[in-house]
There are 2 protein chains.
Amino acid sequence: MTNKPERVVVALGGNAILQADQRGTAADQRANVAVTAGQIADLIANGWEVVVTHGNGPQVGNILIQNEEAAGVVPAMPLDVCGAQSQGQLGYFLQQALANLLRERNVERPVVTLVSQVVVSRDDPAFDSPTKPIGPFCTRERAERLMRERGYVMREAGHRGWRRVVPSPEPETIVERDTIKQLIRVGTVVIAVGGGGIPVFRRGDGRLEGVEAVIDKDLAGQRLALDVGATHFLILTDVDRVFLDYGGPRQRGLDSVTVATARRHLAQGQFAPGSMGPKMEAAVRFVENGGKLCAITSLDRAAAALRGEAGTSVVPC
Amino acid sequence: MTNKPERVVVALGGNAILQADQRGTAADQRANVAVTAGQIADLIANGWEVVVTHGNGPQVGNILIQNEEAAGVVPAMPLDVCGAQSQGQLGYFLQQALANLLRERNVERPVVTLVSQVVVSRDDPAFDSPTKPIGPFCTRERAERLMRERGYVMREAGHRGWRRVVPSPEPETIVERDTIKQLIRVGTVVIAVGGGGIPVFRRGDGRLEGVEAVIDKDLAGQRLALDVGATHFLILTDVDRVFLDYGGPRQRGLDSVTVATARRHLAQGQFAPGSMGPKMEAAVRFVENGGKLCAITSLDRAAAALRGEAGTSVVPC
């Protein structure tokens with residue numbers, strides 16, 4: 001054990017801020033954020049250098065509904081702009097709560113949020129087959145109109161109706177990476193790459209340009225973790241660990257697993273796409289690229305999971 | 001002239017991003033931001049250290065309308081949260097455009113946006129008499145319901161109907177001040193305190209707590225300018241200079257004016273409250289507290305105004 005503090009990127013699931021059974025008032029979100037921020041403040045008080053990233057599904061979903069409902073009065077903003085709005089909103093909730101809880105613990109650390117763009121590639125195959133559902137459900141008639149008038153890709157999504165789907169490309173480069181690193185170096189707690197980051201193309205002439213897509217927040221968190229030289233990566237979600245043969249008669253929880261074994265499980269299709277799949281992929285990539293440990297667990301087990309005592313951890317060997 | 005670069009805080013009016021006669025699509029806003037960011041990029045290319053702040057009136061107005069229109073489906077967010085969303089949105093527009101235009105000019109400088117909170121005092125007299133109109137106009141019936149159900153203060157606002165008014169307290173402390181300074185020191189172009197900052201109370205135990213109010217963006221910009229040790233403060237608005245006896249037969253433009261004279265004009269009530277008044281007040285406070293020059297002018301005269309060759313400039317003596 002060296003004296004250098006260990007650095008962890010904590011990726012918060014959408015449910016850490018807004019739960020599925022809640023309406024989503026500001027009071028609901030503040031109450032959840034207080035619990036979440038308490039766990040993070042404990043990590044910081046215990047000497048961890050923490051960088052926070054978070055999902056934005058429920059919040060950007062609400063912003064998209066507001067944009068739709070008011071579309072006759074106020075021009076609807078594209079998805080990249082709505083994502084930027086959600087970074088402002090969630091960053092504000094988190095930085096305020098975290099600063100308050102650090103103060104309670106007599107820890108003096110500034111907490112800030114950076115509006116974050118993440119470069120994706122035009123050649124990413126995700127752009128040929130949009131898969132990520134976003135925004136409100138609607139009728140077939142409305143879906144057909146949105147496809148015609150706005151060029152949306154819409155899919156039937158079970159009994160609740162139709163929904164827009166957008167590409168979910170790979171995160172390539174975090175535009176604000178160097179600033180994030182500089183701030184960590186001077187002891188600042190940074191909240192960044194919210195909602196997987198605002199997806200942007202880097203054009204041939206180097207210019208950035210927003211694009212309507214959603215980057216998986218755990219894959220973006222893994223990119224962030226490697227960029228800032230984190231030793232640990234913590235994915236907080238609504239289950240306490242990952243399961244093999246999930247939902248079947250042979251279902252069993254995964255505790256500690258080597259990266260080689262985890263990669264094999266992934267190849268066997270053990271983990272659901274759009275759910276545990278990208279989380280395990282993010283965990284594996286982090287450790288394959290030099291990370292010491294990635295843990296996937298629930299919020300209340302954060303500290304124990306970083307000690308390898310709870311959740312599912314992926315380790316080098 | 002020393003070798004140390006001069007530092008300027010540029011405060012952009014709402015019209016720098018969305019003009020009154022525009023619908024406010026993302027394309028409109030991006031087009032305006034490109035022009036605005038071009039002027040700022042020129043200043044940076046000419047050696048100025050620039051910190052950017054901006055109004056958010058039109059954008060937060062649209063967000064408030066969206067919140068109202070969708071209130072039956074999605075819980076409306078309080079004003080502090082809407083302000084945070086607007087900081088994300090406008091920061092994103094500005095940081096992307098500015099980075100692109102700096103790249104065109106072969107200037108390598110990171111550009112980032114910080115979500116910014118500004119402490120206001122519970123004892124501020126503004127809380128006893130809300131004056132700042134925000135959000136959509138409505139009928140008397142609806143206004144009465146909003147007063148009853150949500151405790152809003154509503155005022156009749158001419159022929160367009162009723163409108164909510166909120167307090168406009170003084171900016172006391174920028175919570176993220178130290179981080180802003182650290183980033184400037186390493187050559188980063190920082191966008192901060194958007195919309196005058198998210199107003200927060202500092203409670204007796206030190207905890208921060210959001211409050212529904214609007215801080216004047218020029219007064220907050222002046223606070224920012226002093227906090228970061230700016231030598232210059234540039235307030236960009238929709239007129240090229242300030243007038244005395246505005247609208248009367250003796251109307252005349254103000255060029256360069258000493259801070260003592262400007263203070264006298266203010267005391268005489270020369271400048272309209274909620275319009276040129278707070279701009280001149282901000283200019284005077286900046287120079288009274290050690291600033292070299294504050295210029296009030298239109299976007300296209302930014303560079304000339306910093307040389308004292310355009311706009312209205314307030315100087316020490």
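Quantities reported herein were computed from a predicted structural model and do not represent experimental measurements. (Residues numbered from 1 in each chain as written. Chains lettered and ligands numbered in written order. Predicted model: local features only at pLDDT ≥ 70, side-chain atom pairs only at ≥ 80, totals over all residues. Heavy atoms only, no water.)

Chemist: Explain the relation of the copies chain A and chain B residue by residue, including any values.
Modeler: Put simply, the two copies of the chain differ by a rotation about an axis and a shift along that axis. The two copies are related by a screw motion: chain A maps onto chain B through a turn of 180 degrees and a shift of 0.0 Å along the axis, at an RMSD of 0.0 Å. The two molecules are tied by a two-fold rotation axis, judged by turn and shift. Of the interface residues in chain A, 100% have counterparts in chain B that sit at the interface too, so the contact is made through matching surfaces. (Least-squares fit on C-alpha atoms with pLDDT ≥ 70 in both. Contact = heavy atoms within 4.5 Å.)

Chemist: Give a detailed account of the sheet that holds strand β6 (residues 153-156) of chain B, specifying residues and quantitative values.
Modeler: All names here are of chain B. Strand order across the open sheet formed by three strands is β5-β7-β6, with antiparallel pairing between neighbours. This sheet does not close on itself; its edge strands, each paired only once, are β5 (132-138) and β6. Neighbour to neighbour, the strand axes of the sheet diverge by 35 degrees on average, direction disregarded. The pairing of β6 with strand β7 (residues 162-166) spans four bridges and is antiparallel. Counted as the bridge partner of E156 is W162 from β7. (Pairing = 2+ DSSP bridges. Helix = DSSP H or I, 4+ residues; strand = E, 2+ residues; numbered from the N terminus. Axes fitted to C-alpha atoms, helices over the stretch in contact; angles between N-to-C directions.)

Chemist: Go over the pattern of salt bridges, please, and point to the residues and values.
Modeler: Residue and element names in this part refer to chain A. Under the criterion given, the structure shown has 56 salt bridges over all chains. Ionic pairing is found between R250 and D245, a salt bridge with its closest N-O pair at 3.5 Å. The exposed category is assigned to R250, whose relative accessible area is 56%. For D245, a relative accessible area of 23% gives the class partly exposed. D300 serves as the salt-bridge partner of R301, at 3.9 Å between the closest nitrogen and oxygen. Overall, R301 belongs to the partly exposed group, its relative accessible area being 36%. Ionic contacts of the salt-bridge type, sharing partners, join the residues E170, R263, E281, R285 and E288 into one network. (Salt bridge = Lys/Arg side-chain N within 4 Å of Asp/Glu carboxyl O. Buried < 20%, exposed > 50% of the residue type's maximum accessible area, 1.4 Å probe, protein only.)

Chemist: Kindly report on the packing of aromatic side chains, identifying the contributing residues and their values.
Modeler: A complete count under the given rule lists eight aromatic pairs over all chains for this structure. Note on Y92 of chain A and F93 of chain A: the rings are 6.1 Å apart at their centroids and 25 degrees apart in plane angle, and the pair reads as stacked. Pair check on accessibility: Y92 of chain A and F93 of chain A agree, each one buried. Residues F243 of chain B and Y246 of chain B carry aromatic rings whose centres are separated by 6.1 Å and whose planes lie at 45 degrees to one another, so their mutual orientation is tilted. The ring of Y152 of chain A has R164 of chain A lying over it, and the distance from NZ or CZ to the ring centre is 3.7 Å. (Phe/Tyr/Trp six-rings, centres within 6.5 Å; stacked < 30°, edge-to-face > 60°. Lys NZ or Arg CZ within 6 Å of the ring centre and 35° of its normal.)

Chemist: Hey, could you go over empty space enclosed by the protein for me, with residue numbers and the actual values?
Modeler: Residues and elements named next belong to chain A. Enumeration over the complete set of coordinates arrives at three cavities of 30 Å³ or more. Its boundaries defined by the atoms lining it, the largest cavity holds a volume of some 120 Å³. N56, G83, G195, A213 and V214 are the residues nearest the centre of the largest cavity, which is lined by 14 residues in total. Per element, the largest residue contribution to the lining of the largest cavity is four residues, and it comes from helix α3 (residues 79-104). Counted by class, the lining of the largest cavity contains seven nonpolar, six polar and one charged residues. (1 Å grid on protein atoms, 1.4 Å probe; cavity = no way out; pocket = protein on both sides within 12 Å on 5 of 7 lines; lining within 4 Å. Points joined across faces, edges and corners; volume = space filled by probe spheres on them. Nonpolar A, V, L, I, M, F, W, Y, C, P; charged D, E, K, R; others polar.)

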